[in-house]
Amino acid sequence: KKCTVRCRHYEAPPPLDPAAVEPYTDDDRRSIEKELFGVYLSSTPFDRMPEEVLLAASTAAEIDAAGEGVFDVIGVVSKFEKRTSTRTGKTFGRVDLMTLDGTLDAVIWTEAMNKYGGDLRADALVTVQVKRKSYNGGWSNQIQVVETT
């Protein structure tokens, strides 16, 4: 096959200088790992939290065992979906938080979602206040306050 006009005018890019390439940050590395493998491999977002803060926070298993109450939880947002109530027409959110020992499913109602919903993006490390109460024979975890960490 003959070389076309376009082929004759092609100039290869200059060689890559490894010293000029910025190294990945821990956040970059975690994001890539989570996207490719679905899990964190090298580190987790919890690694940047002081141990005493992590120990003071409630985990998913502790909340499940405790029953009703208000709990402070540190977690990574693994899923956030906005929904609309078929009964009232109001929007609310369903949130899955990865804690140190499992996943906590929660709901965030309209008022709190309007105030804090922007902080609930995928892979964000957040501290939330969760109110757990009995609902229709089961349990409902309701997010009251969200702080980015």
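Just so you know, these numbers come straight off a predicted model, no measurement behind them. (Residues numbered from 1 in each chain as written. Predicted model: local features only at pLDDT ≥ 70, side-chain atom pairs only at ≥ 80, totals over all residues. Heavy atoms only, no water.)

Engineer: Just checking my understanding: could you explain the overall build of the protein for this structure?
Structural biologist: If you tally the helices and strands in the protein, you get 5 helices and 5 strands. In sequence order, the protein lays out its α and β elements as α-α-α-α-β-β-β-α-β-β. Expected size for 149 residues packed as a compact globule is a radius of gyration near 15 Å; at 22 Å, the protein overshoots this value by more than 25%. In terms of its C-alpha atoms, the protein occupies a principal-axis envelope of roughly 75 × 40 × 25 Å. The burial tally for the protein puts 32% of its 149 residues in the buried class. Here the analysis covers contacts within the protein between residues at least 6 apart in sequence; of these, 48% occur between residues at least 24 apart. Surface summary for the protein: the accessible area is close to 10,300 Å², and the carbon and sulfur share equals 51%. A gap of 12 Å separates the mean positions of the 19 positive and 23 negative side-chain charges of the protein. (Helix = DSSP H or I, 4+ residues; strand = E, 2+ residues; numbered from the N terminus. Rg over C-alpha atoms; globule rule 2.2 N^0.38 Å. Buried < 20%, exposed > 50% of the residue type's maximum accessible area, 1.4 Å probe, protein only. Contact = heavy atoms within 4.5 Å. Areas by Shrake-Rupley, 256 points an atom, 1.4 Å probe, with all protein chains shown as cover. Lys, Arg positive; Asp, Glu negative; His and termini not counted. Charge placed at Lys NZ, Arg CZ, Asp CG, Glu CD.)

Engineer: How should I be thinking about the packing of aromatic side chains in this particular structure?
Structural biologist: In this description, a pair of aromatic rings is defined by centroid distance and the angle of the planes. Summed over the entire model, instances satisfying the criterion amount to 1 aromatic pair. Seen in terms of ring centroids, F92 and W109 are 5.5 Å apart; in terms of plane orientation they differ by 45 degrees. Their pairing is tilted. With F92 in strand β2 (residues 91–99) and W109 in the loop between β3 (102–108) and α5 (110–116), this residue pair connects regions lying 17 residues apart in the sequence. Taking relative accessible area as the criterion, F92 reaches 14% and is therefore assigned buried. (Phe/Tyr/Trp six-rings, centres within 6.5 Å; stacked < 30°, edge-to-face > 60°.)

Engineer: Help me understand helix α2 (residues 26–37) in this model?
Structural biologist: Because an α-helix packs 3.6 residues into every turn, residues spaced three or four apart end up facing the same way. Over its 12 residues, α2 extends 16 Å from the first C-alpha to the last, a length consistent with the 16 Å expected when each residue adds 1.5 Å. Within the span of α2, buried status applies to R30, E33 and K34. Projected down its long axis, α2 carries its buried residues within an arc of 95 degrees, all on one side. α2 presents E35 and L36 as exposed residues on the side facing more than 90 degrees away from its buried surface. Looking at the residues trailing α2, positive phi occurs at G38, about 85 degrees. (Expected span 1.5 Å × (residues − 1). Arc of directions from axis to C-beta.)

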